[in-house]
Amino acid sequence: MGQWRWVAAAGLVATAIYVLNLSLEISLLIFAMIGVSTVWACFAGPRRMRAEPRAAWLLLGTTALLFLIGVVLRPFVSDQPMPLLLLADAVIIPGYVGLATCLVILLRARGGLDWLAVLDGLTVCLAGGLVCGLLLAAPAAGYGDRPLPVTVLAAAYPFFDVVLMLLVVNLTFTATTWPFSLASFLGTMTLLFAGDLAYAIIGVSGRTYASTFLDVPYLLAMTLLAVTALHPSAVRLSRAARRPVQAWSWRRMGLLGPAVAAPFVLLVAVGGHSAAYRLAIAVTGGVMMLLLLARAVSAVRAQAAAQRHSEHQALHDPLTGLPNRRKMSAHIERLLIELPPQGERRVWVYLLDLDGFKWVNDSWGHDTGDQLVLEVAARLRAAVPSAVMVARTGGDEFLLAYVGEKPGALRLVDDIRTCFAKSIRVNDTEVVISASIGIAHAAAAGDPAVTAEALMRDADTAMYRAKSEGPGRSTIFDTSMHDRVRERIELEAALRTALAEGQLHVAYQPIVQLDTGRALGAEALLRWTHPTRGPIPPMAFIGIAEESGMIAQIGTWVREESLRQLAAWRADGTVADDFYISINVSPRQLNDADLPLVVSAELLKYGVPPRTVALEMTESVMVDGSSVTSRVLFELRELGVRLLVDDFGTGFSALGYLRRFPVTGVKIDRSFVSGLGQSQEDEEIVRAVVAMSCALGLSIVAEGVETRGQRDALGGVGVTQGQGWLWGPAVPPAEFAAHWHAGGPAARAAAGVSPAGPLGAGKNQRATGPVTKGRNQLATGNS
């Protein structure tokens, strides 16, 4: 049970004992205990929870201490002569000042005073002041059998509460929902008002103290204040949740209704006492009516301002303040309508997509990404003419609209590129980025097909074409791009169908020992045979799988199929115990924190030793990899699987990356192998890779070996394993088993099958189809 519950229970029990009035000493002891616990709670609770604002809680603790001292002193000085009679008041009045200051600090922390809330608070407080003045202060002031200072203070206390009431009413209007701490704090203030009201009532008869019963509201108020300070929601006391426009809620009407009725009730109840009473009621009622009128006018204005703000938010990006896609679309439509039909002027639409933005987000977080977007937005707005609208349409996408001839449109591209010429400083790091730009244009409106949405769609298509050509490129849309987009969409749909209907299959290409020609392993390569199109090369669909998010599902299927096949080969003796299967994994898969657990479960499911499984990744994984990717790689290595860097030498080949990550081997890219015997430079590169790998204890596999000369040259520089058409292409599992092992059920299943393609070692033949291995491919063409 939390501390606040113990304090609440103890406070209620102590108050009950206090009511019994066993003796003055016991009553004072109880009051002191409750007061001290409240003071401790106000100082210790918020400090432990780091509640803000700190000054407000310190003032609350000080106020509680002053009230405690004043209440304890009151019984002892009530019969004393002046000035000792005022000693308790001298301590309590500074407490009121501290409490008012605390409320002001809280209001400022919660967004300050709202004008409508101030008007409503003044209305309530005028009513409260009128009631207090006529029913309490005036009778107290008229009591002549006591010193003048006591009479003045007795009349002033109700007005102290009126000031506090104004602040409290405004505090309630800063919340649409009340956390527990706010509700308990308002309960504290209500009990304080009740206690002051009780003392004001006895003050009418000239007394300053009657009995311990009058202190019960203060005891409960202190208990509630301690609960407020100790409750976990105290950290939310400074957080406002106000409505854009102060609505006529039931809470507000519950305060304003009695306030408006107060002058009429008082006129009936005490209006006959004197003309002064009736004048006070009339003036106060008139001021309240003016306040209500001002409130109504202000509410209308606030509603209009909120409407304008809402409309602005609907048409602008909340982060940068730039127009959004909706406003840009309307702007382009207007430009198309206003553009003269004659002449060379056209409407040009530019779509920018930041290259490498995802890398910034993954490396430094979304706050840094937001800073980058803000800086790019500011640079774009400063770089282009004021007549060119700049909009933000997505996370890292910007739209620009320009009217002019082609030379001016091309100059604007140069202006845009200048925005990225200088590095951008984020989180004390200089970041260099570029933007891929897609451009679409149209003449004046007239053709129904020429719309703002069509232009933005065409610019988007051109942008993706530019991005495919490399970072920082720009492309002007042409109609042939629609055909390519349509082809991509159709291919994506066909790929989803292929995955669901089993059109995909895995082929296996041997990885052999160069000096013996023995198959040490095999790379699992994905193949797709479409029912009408026939074989579709991996380079045509792997990129689509990456962009559409299907790569994870396809990767899981390839991995499970490969492990199942390896388990079958090991069971029937098709392969040796040290034979391994090499499976490609994409960057998206390696960014899944659950991948090590999934792979571990799959190894257990198929009974495959981890040492017989290798996972291939591209160099870009190590360069662009997030902390999640790094952790996944280390956990995979802890399982015992091998980690290979595929296409080594074509990307960011750096010794630091190989040392930083737990890789076990590299695969030399085919582009270097093909130059052996012809290019001295390629031979030196291969020699350097071998030397570096040997120094780090990494295995080496050469890809794309097609001739005996290449094989011998690789052996001469220290490469021990090779893969390529010299030993055969990737083939179905039965054909692989039939060629590389003569016995076992798998081989017998392929007994009647004539192996297609060059399966025998030493057959110097080349591939006839598109077999290029692309970047970030899950499994691609023959090596």
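Conventions adopted
- Sequence order sets the numbering: in each chain, residues are counted from 1 along the sequence as written.
- Side-chain atom pairs in this predicted model are given and counted only at pLDDT of 80 or more, local residue features only at pLDDT of at least 70, and totals for whole chains, interfaces and linings cover all residues.
- Here the side-chain values reflect all heavy atoms present in the structure, with hydrogen atoms and water set aside.
- Here is the rule: rings of Phe, Tyr and Trp (six-membered ring for Trp) pair when centre to centre is within 6.5 Å. Planes less than 30 degrees apart are stacked, more than 60 are edge-to-face, and the remainder are tilted.
- A run of H or I in DSSP counts as a helix once it spans at least four residues, and a run of E counts as a strand once it spans at least two, with each numbered from the N terminus.
- Any residue under 20% of the maximum accessible area for its type is buried, any over 50% is exposed, and the rest in between are partly exposed; the area is computed with a 1.4 Å probe on protein chains only.
- Either the NZ atom of lysine or the CZ atom of arginine qualifies as a charge over a ring when it sits within 6 Å of the ring centre and within 35 degrees of the ring normal.
- Paired strands, in this sense, are two strands between which DSSP finds at least two bridges.
- Fitting a line to C-alpha atoms yields each axis, with helices limited to the stretch in contact; the angle taken between N-to-C directions then spans 0 to 180 degrees.
- In this description, contact between two residues means that some pair of their heavy atoms is separated by no more than 4.5 Å.

Colleague: Just checking my understanding: could you explain the packing of aromatic side chains for this structure?
Modeller: For any two aromatic rings, the description comes down to two numbers: the centre-to-centre distance and the angle of the planes. Here the structure, examined in full by the defined rule, presents 10 aromatic pairs. With centroids separated by 5.6 Å and ring planes inclined at 45 degrees, the aromatic side chains of Y96 and F160 adopt a geometry described as tilted. Of the two residues, Y96 is situated in helix α4 (residues 87-109) and F160 in helix α6 (residues 148-172); the sequence distance between them amounts to 64 residues. Note on Y96: relative accessible area 6%, which makes it buried. Under the relative-accessibility criterion, F160 is labelled partly exposed at 26%. Aromatic pair W569 and F579: ring centres 6.3 Å apart, planes at 85 degrees, arrangement edge-to-face. Of this pair, W569 sits in helix α18 (residues 551-572) while F579 sits in the loop between α18 and β11 (580-584), and the two are 10 residues apart along the sequence. W569 sits in the buried class, given a relative accessible area of 1%. Of the aromatic side chains, those joined through ring pairs into one cluster are Y508, W569, F579, F736 and W740. The ring of Y580 has R642 lying over it, and the distance from NZ or CZ to the ring centre is 4.1 Å.

Colleague: Would you mind showing me how to read the sheet that holds strand β1 (residues 346-355) here?
Modeller: Two pairing modes exist for strands in a sheet, parallel and antiparallel, and in both the strands are linked by backbone hydrogen bonds. Read from one edge to the other, the open sheet built from five strands follows the order β2-β3-β1-β6-β7, with strand pairing classed as mixed. Unpaired on one side and paired on the other, β2 (389-392) and β7 (474-476) mark the two borders of the sheet. Neighbour to neighbour, the strand axes of the sheet diverge by 20 degrees on average, direction disregarded. Sheet topology note: the β1/strand β3 (residues 397-404) ladder contains eight bridges and is antiparallel. Of the residues in β3, the one forming a bridge with L351 is L399. Each of β1, β3, β6 (434-442) and β7 is contacted by helix α14 (residues 406-418), which is oriented at about 20 degrees to β1, the strand it contacts most.

Colleague: Sorry if this is basic, but what is going on with the pairing of β3 here?
Modeller: Remember that side chains alternate between the two faces of the sheet whenever the strand is regular. For β3, a buried count of seven out of eight residues is recorded, marking the element as mostly surrounded by other parts of the structure. As paired strands, β2 and β3 are joined by four bridges and run antiparallel to one another. Bridging across to β3, V390 finds its partner in L400. Between the end of β2 and the start of β3, which pair antiparallel, lie four residues.

Colleague: It is not clear to me how the pairing of strand β8 (residues 504-513) should be interpreted in this structure. Could you clarify?
Modeller: Judged by how many residues are buried, β8 sits mostly within the fold: eight of 10 residues are covered. Judged from the nine bridges that link them, β8 and strand β9 (residues 519-530) form a sheet pairing that is antiparallel. Residue pairing across strands places Q509 opposite E523, the latter belonging to β9. Hairpin connection, β8 to β9: the antiparallel pair is bridged by five residues, and G517 has positive phi, about 75 degrees. Judged from the two bridges that link them, β8 and strand β16 (residues 721-723) form a sheet pairing that is antiparallel. If you follow V512 over to β16, its bridge partner there is G722.

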